[in-house]
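This is what each chain is made of:
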Amino acid sequence: MTRDDVLDILRQETIDILDLPADTVMEDGKSFADYGAISIDIVTIVSGVMRRLNVSVPRQDLYDVHSLGQLVDVLHSACAAKE
Amino acid sequence: MPPVSSPTLTPDGPRRSLFITGGAGGLGAGLVRAAARAGHNVAFTYRTSASAADALAADLAAVPGAGRCLPLRMDQRDTDSVEQAISAALTELDIDAVILNAGAAKTGLLAQMEDADWLEVVDTNLTGAFRVCRRFLWHFLGRRSGQFIHIGSVAAGGMAGHAAYAASKAGVEGLSASLAREYGPRGITSNVVSLGLFDGGMGSEQASDSLRQFWLTHCPQRRTGHGDDIASTVLFLCSGAATFVNGQVIRLTGGLDWAP
Ligand SMILES: NC(=O)c1ccc[n+]([C@@H]2O[C@H](COP(=O)([O-])OP(=O)(O)OC[C@H]3O[C@@H](n4cnc5c(N)ncnc54)[C@H](OP(=O)(O)O)[C@@H]3O)[C@@H](O)[C@H]2O)c1
């Protein structure tokens, strides 16, 4: 699982939950709020991505995540740790 | 946002995966038995009753057609213990519904109650339920479906000699109603099954003779509840047939919704 694969799954879940256009591009430096997400959307997207990746990142490890790029890094590390 | 999908029912019927807390206790063991015999897979927790939990799992393993049983140690006063038990359950089973049955009670006059006793009851019954729900929300949100069923008590309306227990069970009703509102839009439901006086468990061990007599005199059905009364309601709430039941307190009291 490459970092780009993780980003793509995150993109798909975000488009799905926020009902965004299919060609939406997700930028590392942006936050979910920049795409119109509210707090419950964010938890739903992140838990959906974790389910699809079959990883579980402890809640506490997500406290310091502020950008999409940071989130992709955390999820990608969790995938790497599992492999 | 896309519509929330209904829970998948297998061709054999609604075989679900359930997580039952306090599953080796008086009423919990009956629930585990009924669920596994109905073909559901069950991860259940115990705190001190390790040998009863193992014996229950071994019994059910020998029943033809019974679902899988997975006993797990969990103390719901301890966040790490909760997180570990639930993670272990989720590596084995894609849990569809959580039955929050574990509970504790301490009797005594409020005027004489020590802080430690109050805190222990509230930590177990209310904060413990919160810890379990919080962990499972990440799982349920990921699959966009799931059911919480809290075992409550008629004591939630107040009960002499049981202030901490009553307050904790009233709190559970608030917790469940909040879950129902906050996560209903994501396909997650939360309901309370509120019990009157039941045979078994703390109903047998902690109820005084006078409470039992009061119950048998005033309950319109002139009886205490049986394990089967709980199992049929809880299994209905866990089934795909109950996904529109949300935020309710369902009373299993034989019609006496009041404790002295
Ligand atoms: N029986 C009744 O008449 C009645 C009436 C109204 C409501 N209820 C409710 O029904 C539920 C089941 O009670 P019961 O009658 O079956 O009583 P019980 O036999 O005393 O069972 C209580 C269960 O809770 C578990 N437990 C206690 N503290 C725990 C903790 N800190 N962490 C995790 N698990 C813990 C116990 O596990 P271990 O045994 O492994 O330690 C046991 O399995 C409770 O929520 C109770 O409030 C019962």
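Residues numbered from 1 in each chain as written. Chains lettered and ligands numbered in written order. Predicted model: local features only at pLDDT ≥ 70, side-chain atom pairs only at ≥ 80, totals over all residues. Heavy atoms only, no water.

K.L.:
Lay out the packing of aromatic side chains in plain terms, naming residues and giving numbers.
P.N.:
For the structure shown, the criterion picks out 4 aromatic pairs over all chains. An aromatic cluster is present here, built from F19, F136, F140 and F148 of chain B joined pairwise through their rings. Across the ring face of Y35 of chain A, the terminal group of K30 of chain A is positioned such that the distance to the ring centre comes to 5.6 Å. (Phe/Tyr/Trp six-rings, centres within 6.5 Å; stacked < 30°, edge-to-face > 60°. Lys NZ or Arg CZ within 6 Å of the ring centre and 35° of its normal.)

K.L.:
Describe the pattern of salt bridges, with residues and values.
P.N.:
Side chains carrying opposite charge are able to pair once their charged atoms draw close together. Evaluation of the coordinates by the stated rule reveals 20 salt bridges over all chains. Residue E13 of chain A pairs with R52 of chain A through a salt bridge whose shortest N-O separation is 3.4 Å. Remark: R52 of chain A occurs in helix α2 (residues 39–53) and E13 of chain A occurs in helix α1 (residues 3–18); sequence separation between them is 39 residues. For R52 of chain A, a relative accessible area of 43% corresponds to the partly exposed category. Where R77 of chain B meets D75 of chain B, a salt bridge forms, and the shortest distance between an N and an O atom there is 2.7 Å. Several salt bridges share partner residues, and in doing so they unite R51 of chain A together with R16, D94, D96 and R143 of chain B into one network. (Salt bridge = Lys/Arg side-chain N within 4 Å of Asp/Glu carboxyl O. Helix = DSSP H or I, 4+ residues; strand = E, 2+ residues; numbered from the N terminus. Buried < 20%, exposed > 50% of the residue type's maximum accessible area, 1.4 Å probe, protein only.)

K.L.:
Lay out the site of the ligand with the relevant residues and their values.
P.N.:
Residue and element names in this part refer to chain B. Lining the immediate surroundings of the ligand are 29 residues, of which L27, R47, T48, S49 and Y165 lie closest. G22 places a main-chain nitrogen or oxygen 3.1 Å from an oxygen atom of the ligand. With respect to the ligand, the backbone of G25 contributes an N or O atom lying 3.2 Å from an oxygen atom. Considered on its own, the ligand offers 900 Å² of accessible surface; in the complex 92% of this is hidden by protein. Listing elements by their share of the shell around the ligand, those giving two or more residues are α1 (26–37), β5 (146–153), α5 (163–183) and α6 (202–205). In terms of residue count, β5 provides more of the shell around the ligand than any other element does, 3 residues in total. For the shell around the ligand, the residue count by class is 10 nonpolar, 15 polar and 4 charged. (Near = heavy atom within 4 Å. Polar contact = N/O pair within 3.5 Å; in protein donor to acceptor, adjacent residues only side chain to side chain. Areas by Shrake-Rupley, 256 points an atom, 1.4 Å probe, with all protein chains shown as cover. Nonpolar A, V, L, I, M, F, W, Y, C, P; charged D, E, K, R; others polar.)

K.L.:
Tell me what's going on with the side chain of T24 of chain A, and back it up with residues and numbers.
P.N.:
All names here are of chain A. Looking at the element boundaries, T24 is found in the loop between α1 and α2. For T24, a relative accessible area of 13% corresponds to the buried category. Filtering out sequence-adjacent residues up to four positions away, T24 remains in contact with R11, I15 and Y35. (Contact = heavy atoms within 4.5 Å.)

K.L.:
Explain the nonpolar core to me, using residue names and the numbers behind them.
P.N.:
Residues and elements named next belong to chain B. In terms of nonpolar packing, the biggest core is built from 34 residues, with I20, F44, I99 and V234 touching the most fellow members. Not counting residues within four places of it along the chain, the set of residues in contact with I20 comprises L31, V32, A35, V42, A43, F44, T45 and I99. Counting 26 residues, the second-largest nonpolar core is a separate cluster that includes L72, V82, L141 and L175. (Core = buried A, V, L, I, M, F, W, Y, C linked by side-chain atoms within 4.5 Å.)

K.L.:
Explain the interface of chain A and chain B to me, using residue names and the numbers behind them.
P.N.:
Facing 16 residues of chain A, the contacting portion of chain B comprises 16 residues. Its largest share of buried area at the contact with chain B, chain A owes to I40, R51 and R59 of chain A, together 40% of the area lost on that side. Connecting chain A to chain B are 5 salt bridges. Where R186 of chain B meets D41 of chain A, a salt bridge forms, and the shortest distance between an N and an O atom there is 2.7 Å. At the boundary of chain A and chain B, one finds 6 residue pairs in polar contact (both at pLDDT 80 or more). For the side of chain A that touches chain B, the secondary structure elements donating two or more residues are α1 and α2 of chain A. In terms of residue class, the side of chain A that touches chain B is made up of 6 nonpolar, 4 polar and 6 charged. (Buried area = accessible area lost by both parts, 1.4 Å probe.)

K.L.:
Talk me through the packing of α2 of chain A against helix α4 (residues 115–143) of chain B; I want residue IDs and the actual numbers.
P.N.:
With their axes 7 Å apart at the nearest point, α2 of chain A and α4 of chain B run at an angle of 80° to one another. Relative to α4 of chain B, α2 of chain A is oriented roughly perpendicular. On α4 of chain B, the residues that touch V43, T44, V46, S47, G48, M50 and R51 of chain A of α2 of chain A are W138, H139, L141, G142 and R143 of chain B. Of the residues that constitute the contact of α2 of chain A with α4 of chain B, the class distribution is 5 nonpolar, 5 polar and 2 charged. (Axes fitted to C-alpha atoms, helices over the stretch in contact; angles between N-to-C directions. Parallel < 35°, antiparallel > 145°, perpendicular 65-115°, else oblique.)

K.L.:
Before we move on, can you summarise the side chain of R143 of chain B with the specific residues and values?
P.N.:
Turning to its location among the elements, R143 of chain B is positioned in helix α4. Residue classification places R143 of chain B among the buried positions, given a relative accessible area of 14%. Looking at R143 of chain B, its side chain comes within polar contact range of the side chain of D96 of chain B, at 2.6 Å. Looking at R143 of chain B, its side chain comes within polar contact range of the side chain of S145 of chain B, at 3.1 Å. If we ignore the near neighbours within four places in the chain, the residues touching R143 of chain B are R51 of chain A together with D94, I95 and D96 of chain B.

K.L.:
Give me the lowdown on α1 of chain A, citing residues and values where you can.
P.N.:
Residues and elements named next belong to chain A. Helix length check: α1, at 16 residues, gives a terminal C-alpha distance of 22 Å against a target of 22 Å (1.5 Å per residue), a fit within 8%. Its buried side turned inward, α1 meets α2 and α3 (68–82). At the exit of α1 stands D19, carrying a positive phi of roughly 55°. (Expected span 1.5 Å × (residues − 1).)

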